[in-house]
Amino acid sequence: MKITANAIAGSLESNDVLVRVSPAEGLSVEIESIVLQQFGRQIRQAVLETAQALQVEDAAIFLQDKGAIECTIKARVETALLRAKGETA
Amino acid sequence: MPKLVTSLSEAIQRCSLRDGMTLSFHHHLRNGDQVLNMVLAQAAQMGLKNLCIQASSLFDVHSPLIDHIASGVVTGIETGYMSGRLCQAISEGAMIKPVRFRSHGGRPDAIASGRVHIDVAFIGAPAADPMGNANGVDGTAACGSLGYAYSDAQYADKVVVVTDHVMPYPLVPASIQEIDVDFVALVDSIGDPKGIVSGTTRITRDPVGLVMAKYAAQVIAASGLLKDGFSFQTGAGGASLAVTQYLKPLMKQAKVTGSFGLGGITGYLVDMLEEGYFEKLLDVQCFDLRAVQSIRDNPRHQEISAARYASPSVKSAVVNSLDAVVLGATEIDTDFNVNVHTDSNGLIMGGSGGHSDTAAGAKLAIILAPLFRARLPLVVDKVLCVTTPGNTVDVLVTQRGVAVNPKRPDLADRLRGAGLPIYPIGELKEMAQRVTGVPELIRPNGRVVAEVEYRDGRIIDRIRSIQAP
Amino acid sequence: MRRTMLFVPGNSPAMLLNADIHGADALIFDLEDAVTPAEKDAARVLVRKAVQALGYSGCEIIIRINPLDSAYIKQDIDAMVPLRPALFMPTKVASAEEVKQISAMVAAAEIAYGIASGSIGLIPLLETAAGIEHAYEIARSDPRVKAIFLGAEDLTSDLQAIRSKQGDEILYARGRVVIAARAAGIDAYDTPFTDVNDEEGLEKDARFARSLGFSGKAVISPRHVTAVNVVFSPSQIEIEYARQVMAAIEEGERLGKGAVSLNGKMVDKPIVDRARRVLDAARALGLGGIEDA
């Protein structure tokens, strides 16, 4: 799936995550999180898995996480990627 | 020589403040306090160095301490609780000498025993007379109980009452007595009333907090302690306060009249006193305006000193007559050890206060906390800091289940019989981790920035410096 | 038992996290009015992933979907069918024909995702004058329809009436929905009470709904769940009376009596039926000491 536009999903509310995606060369993931030390690795993993499932190989994905659990992170990343493609779930 | 002086600086001069002295402060003016900052500003101006601050608690308003530490005016801090910007500075290693944390009961014990020696005590008082009789109930900066100031007045070498409201002699009632006071310093303002007491403390509206609070009330009812003469203390957090609202109908149903409420007093406990749920309130600090008004006007609402409240070495302390206490936690481990000193990253953000004292004294110590906060599980394998040892903790109540300390099988049977959702604490940990995932282990390994002295005088844990951001 | 149905906004991770601790019998994951048009896609993905991850065992899962004439309903159904919810709650339902169309969409999705045909039910939300007017036809329109649910807020707007706590303006609609449901042999659910802070008003409203014959009531706040559960649960007194009724019937049968009386009152069929329903409910709720009646 090709990302052609910038897109956002989620929010900065507690237990949520704000995800920004934009077109890029290759896949990059940048994470800010209130639980970075405890869950940084798992968050990155969740983002990569979601991108992989949608076959996205070229995108810059930036997260501002407020303690979202894994299903929320995956949901918000999926939504942002689909919006960036110009498609809704 | 008259005791009353018209400036703080004069009082400080007369006390012959020197380098290396220990100055003490109570925290009844909470986040509206101006006394500590005024004293230290003066001391800094005088070029004093290496002072030790012995404060029952420190708040964000005391952040100027960060500068005093950097400039060498202050090189030692001993306290029962810390919040605000000072926490970050201490956790990042701003001080060479580790902070010494004590509990609210351990502090008067350390002072009375001589382990802590106070050179000058500065006692902020909303009202005082020219001979130094002082109370917390008169004046515009009224704060209610002055319980934490008693030991300072009794044992410090020199005692300065700092007030913005001098009343005619003799001031009645007098919490601090003239027999202990050297000087009375009149200043423009000892503190901002809005920061001293909240207008009202509020119980939580959060439905999760209410579910937890209801379970806690049911635990108390099922424990067998809810009978005539019942005594109770609860923290000032929203969910802990909500326990009072669920306790009242249970007490009414069982036709129970309680003997006393203890605290940390808020308007909710005052309501319980006035509505006949308790005969008396014993008050070591007032959290809101209603509590201040009540302690002033109601003879059945009485001020107690911190020593009487919780000292482990007095002939008897009130915590030892306490039936049930509801406390919070940032973390609790599978041995029921509780951490209220640091957050899950090891950053200092609190302290025992009365936590370890009440847990040790009460027949039923309940920890009330959500199973996870923003993806961080409450139950861990090992807490980052032991504030309150697990052998003094009886029950953990979360919104998804209750765990009983294995050393209380009698209690577990009662609670199970009452239909409460009882789980081994390890299972609560797994329940949380199924939702949050398993967190990476955080073990700050910088140098020691604080030592936690338990109420018996032993150091039970050390807090290490976290990475600077 | 469906004493309470708690609305959970579909795009709110914080609400989704703890939806099942409040004791509601059913959770309504809302993709419709609680979600702005810009976030309909986000809510669908979030609800799907949250239900898959968290399970919410102990609660019946209901998904409130967008109206038939909206751009969203097909995607709602396609996204949610794989979750195997107990019920979809179609909104603004005005006719039996609409229900049939929605049922067909669900059937197609069930086949596409390999789910047993007919396993997902419908609980149409009646919130327009037309919906109320056609309540009986809607209730009978399709085997999937397990219940109908009254939505007073949108209804009063459609009626050009003034919404009040007292609820006189929806009295007829309430009665009509109950009658239609019972005539069709299904359940009826009452509109939620919207003042989050008025606990007394909530209880009054719930008791009234129960007395009218509603099977349960929707709630918009977790703080309302316990009170409504209590109202729609059989009380100890009711259970005790029901047991006495059944005992009297059994004794009558043993002694070969035709007519049976209890406390000087004839125990006729409606009383027996009610007693059976109370004991069924008590058993379903696990209320103590109920032997098979």
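Residues numbered from 1 in each chain as written. Chains lettered and ligands numbered in written order. Predicted model: local features only at pLDDT ≥ 70, side-chain atom pairs only at ≥ 80, totals over all residues.

K.L.:
For this particular structure, what's the right way to read the pairing of strand β12 (residues 258–265) of chain B?
P.N.:
Along any regular strand, the residues point their side chains to alternate faces of the sheet. Residue and element names in this part refer to chain B. The buried fraction of β12 is high, at seven of eight residues. As paired strands, strand β11 (residues 231–234) and β12 are joined by three bridges and run parallel to one another. Its bridge partner being in β12, F232 is matched across the sheet by G261. The β-α-β motif built from β11, the intervening helix α9 (residues 238–253) and the parallel element β12 has right-handed crossover chirality. Two elements, β12 and strand β13 (residues 278–286), share seven bridges in a ladder whose sense is parallel. Paired with G258 across the bridge in β13 is F278. Taken together, β12, helix α10 (residues 267–274) and β13 constitute a β-α-β crossover, and its handedness is right-handed. (Buried ≥ 20, exposed ≤ 12 C-beta atoms within 10 Å, placed from the backbone. Helix = DSSP H or I, 4+ residues; strand = E, 2+ residues; numbered from the N terminus. Pairing = 2+ DSSP bridges. Right-handed = clockwise from strand over helix to strand, strands pointing away.)

K.L.:
Whenever I open this one, the sheet that holds strand β16 (residues 331–333) of chain B confuses me. Can you help?
P.N.:
Pairing between sheet strands relies on hydrogen bonds along the backbone, with the strands arranged either parallel or antiparallel. Residue and element names in this part refer to chain B. Here three strands make up an open sheet; going across it, the order is β17-β16-β21 and the pairing mixed. What marks the edges here is a single partner per strand, and that holds for β17 (338–339) and β21 (379–380). Both β16 and β17 contribute to a ladder of two bridges, which runs antiparallel. By the bridge assignment, E331 is partnered in β17 with N339.

K.L.:
Explain the interface of chain C and chain A to me, please; I cannot follow it from the model alone.
P.N.:
By a widely used convention, the size of an interface equals the accessible area lost when the partners come together. Taken together, the contact between chain C and chain A spans 14 residues of the former and 16 residues of the latter. Put simply, the parts of the chain that give the side of chain C that touches chain A at least two residues each are α1 (13–17), α2 (40–54) and α3 (73–80) of chain C. Ranked by the residues each element gives to the side of chain C that touches chain A, the list is headed by α2(C), at nine residues. (Contact = placed C-beta atoms within 7 Å.)

K.L.:
How should the interface of chain B and chain A be read in this particular structure?
P.N.:
On the side of chain A, 14 residues touch chain B, which itself brings eleven residues to the contact. Considered class by class, the residues forming the side of chain B that touches chain A number five nonpolar, four polar and two charged. (Nonpolar A, V, L, I, M, F, W, Y, C, P; charged D, E, K, R; others polar.)

K.L.:
How do you make sense of helix α2 (residues 35–45) of chain B when you look at a structure like this?
P.N.:
Given 3.6 residues per turn, any residue in an α-helix points the same way as the ones three and four places further on. All names here are of chain B. Among the residues making up α2, those that are buried are V35, L36, M38, V39, L40 and A43. Close packing links the buried residues of α2 with α1 (8–14), β2 (22–25), β3 (51–55), α3 (65–70), β6 (120–125) and β9 (158–163). In the segment just after α2, G47 is the residue with positive phi, at about 80°.

K.L.:
Any chance you could explain unusual backbone geometry here in plain terms?
P.N.:
For residues besides glycine, phi is generally negative; the peptide bonds are generally trans as well. A cis amide bond links Y169(B) to the next residue, P170(B), at an omega of -5°. Here P170(B) is to be found in the loop between β9 and β10 (183–186). Following V172(B), the chain continues to P173(B) via a peptide bond in cis, the omega torsion being 0°. Among the secondary structure elements, P173(B) is positioned in the loop between β9 and β10. A positive phi is found at N15(A), a non-glycine position, where the angle reads about 75°. Inspection of the secondary structure puts N15(A) in the loop between β1 (7–10) and β2 (17–22). A count of 22 C-beta atoms within 10 Å places N15(A) in the buried class. Of note, R375(B) is a non-glycine position whose phi angle comes to about 70°, a positive value. Counting through the fold element by element, R375(B) comes out in the loop between β19 (372–373) and β20 (376–377).

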